[in-house]
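The chain contents come next:
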Amino acid sequence: MSDELNPAVPDSATAEGPETEPEEPVKQRKNGLYPGVSDELAENMKSGWADTELRDLEPIEQAAHTARRRAALSARFPGERLVIPAGNLKTRSNDTEYPFRASVEYAYLTGNQTEDGVLVLEPKGDGHEATIYLLPRSNRENGEFWLSGQGELWVGRRHSLGESEALYGIPAADVRELADQLREATGPVRVVRGHDAGIEAALTDKVTAERDEELRVFLSEMRLVKDEFEIGELQKAVDSTVRGFEDVVKVLDKAEATSERYIEGTFFLRARVEGNDIGYGSICAAGPHACTLHWVRNDGPVRSGDLLLLDAGVETHTLYTADVTRTLPVNGTYSEIQKKIYDAVYDAQEAGIAAVRPGAKYRDFHDAAQRVLAERLVEWGLVEGPVERVLELGLQRRWTLHGTGHMLGMDVHDCAAARTETYVDGTLEPGMVLTVEPGLYFQADDLTVPEEYRGIGVRIEDDILVTQDGNRNLSAGLPRRSADVEAWMASLKG
C-alpha cells in the first residue's frame, strides 16, 4: 500500500461547497516521505477538475420495499425519534481497516451500505419524516479529497448527497452535523446500539437500554417474513453458491496437493466475482475436521478417501446470504461406512424438509430430523433405546450436537434478536426462509463408538422457503442423495 499524508480536516468542512482552508497544519504520518504541502501545490489541487456529478439517477431496485419497511417501523413507534446507524470502519491493524459492512438494520431500511451513515426517523404529524445522514463527497477546497486517508483519491468516490437522495428516495444530509443535532434533541428517542459509538454518546442521556432493545427486537422480527425482493436475492445467493460448490469439486486434486485453503480460496473467488463477499467464514473441513462444527481455520490436509464437509454461502451485493452444506467424498465415491452415515443424515434432512409448511410449528422440522437420527443411533447400537427415551434425555446430542436449522436472510443467522415466542416457539408463515441442516459427528477420540466411525462428520444443509402450500428448496440445484452426489462429482471431473 502507498504511504500518504493525513491532514486534520476540520469537522465543519463540507464537500459540496467552498469552505475555508484547513485551520490546522497537515499532519504527516510518521516516517512519511513528504514534510508538508506547499501553498502553491494546495492551490493547484483545488482547480482543474471536471464536473462528475451523476444526474438522472434511478432509484435502487429495493427502494419501494425499504419505504414500506420504514412505514411499518414508523407505525410501531409513533411520536418517537428513531436512530439507526450503519456503523463505522473498524481497524484491522495500525492504519488498515476491515472491509466495511453496514449494519443489517440500516441496510434493510435504506438499501445504503456506506460507512458512517445514519437513518433518522423524526416524528412529524401522524408519522415520521426520514432523513439519511451521510458523508458527502470529499472536499476539494480543504484538500481532504487527496490528503485524507479516506479521501476520494485514496479510497474512491462517494456519492454526493443529491445523488444519494435520488438513489435511496430519502432526503440526505451531512452526517457530520448529526451528533450536535441529536445532543439538542428533545422528546423520546430510540437508537440501535452497537454500531456507532459517537451517535450513542450524543444520545447517552436520552435513551434507555430497555427501550433500545425493543427497537432492535422489532427490527429483527420484521425480517422473519421476506418480501419478493428478498426472496429473489436469496435465490441469487444460492445460485451463485451452487456454482461455487461446482468450482470446488473441479479443483479437488489441487486441494489434495495443497490444503483446505485451496477450497476456501476457490469458493471465495466465486463469491467476490458474483456477489459482495462470502456471507460467513467458509467451513472447508476435510477428514476429522468435519467433526468441528465451525472449522474455519481451513489449514488441514485434503486426502483421497476422506470426506470434505463444505459449508459456505455467497452474499449478494444487497447483503443477502446463502447457507449451504454438502459432505463430499474427496475421491468421488463414499466408502461403505461413509455412505451409511451420510444416508442417515439425508433421511433425517428429508424428514425435516417435509415438516416445513405454513402453520407448522417452527420446532417441527428439528424434531422430525432428530427423531430419524435417534432411530439410527439406536439401530446401530450406539445408544440404548427406546427412541422416545433417547429424545427425552437428549442422548442423541452427543453426535448431533446442534439444532437443525435457523432463519436466513441478511444475517446468516437472521432475526437473532426476535423474541423466542415469535421465533423458535413460533409458527411458520409463507415467506419465511430457513435452513434445514441435520448432522452426525463422530469425533476422532470418541471411544464410545466403533473405530470405523471415528473422525467422520456429515452435515447436509439446504435453504428452504415456506410457500403457501408447503415449501421450496432454494438450493435444489445441488444434489443431495449419495448416488446423485457421486454422479454429479464424476460429471464435473470429466
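This section reports on the structure supplied with the text. All values derive from a computational prediction rather than experimental measurement.

1. Structural notes on the environment of alanine 355
No. 1: Within the fold, alanine 355 resides in the loop between α13 (336-354) and α14 (364-379).
No. 2: Expressed as a C-alpha distance, the spacing of alanine 355 and alanine 369, which sit 14 residues apart in the sequence, is 9.0 Å.
No. 3: Leaving out residues up to four positions away in the same chain, alanine 355 has contacts with Ala360, Asp364, Phe365 and Ala368.

2. Structural notes on the pairing of strand β13 (residues 433-436)
No. 1: Burial along β13 is two-sided: the residues Val433 and Thr435 and Leu434 and Val436 are all buried.
No. 2: Bridge analysis of β13 against strand β16 (residues 462-466) gives four bridges, and the strand direction is antiparallel. Residue pairing for β16: threonine 435 is matched across the bridge by aspartate 463.

3. With respect to the pattern of salt bridges
Any two side chains of opposite charge can pair, on the condition that their charged atoms come close.
No. 1: The final tally for this structure, using the stated rule, is 40 salt bridges.
No. 2: The shortest N-O distance in the salt bridge between glutamate 274 and arginine 270 comes to 2.5 Å. Remark: arginine 270 and glutamate 274 occur in helix α12 (residues 260-274); sequence separation between them is four residues, near one turn of the helix.
No. 3: Relative accessible area serves as the criterion here: at 26%, glutamate 274 is assigned to the partly exposed category.

4. Remarks on helix α6 (residues 161-168)
No. 1: Buried within α6 are the following residues: Leu161, Glu163, Ser164, Leu167 and Tyr168. End-on view of α6: buried residues confined to an arc of 155°, all on one side of the axis.
No. 2: Of the surrounding elements, those touching the buried residues of α6 are α2 (63-76), α3 (104-110), β5 (127-134) and β6 (172-174).

Criteria and cut-off values
Residues numbered from 1 in each chain as written. Predicted model: local features only at pLDDT ≥ 70, side-chain atom pairs only at ≥ 80, totals over all residues. Heavy atoms only, no water. Helix = DSSP H or I, 4+ residues; strand = E, 2+ residues; numbered from the N terminus. Contact = heavy atoms within 4.5 Å. Buried < 20%, exposed > 50% of the residue type's maximum accessible area, 1.4 Å probe, protein only. Pairing = 2+ DSSP bridges. Salt bridge = Lys/Arg side-chain N within 4 Å of Asp/Glu carboxyl O. Arc of directions from axis to C-beta.

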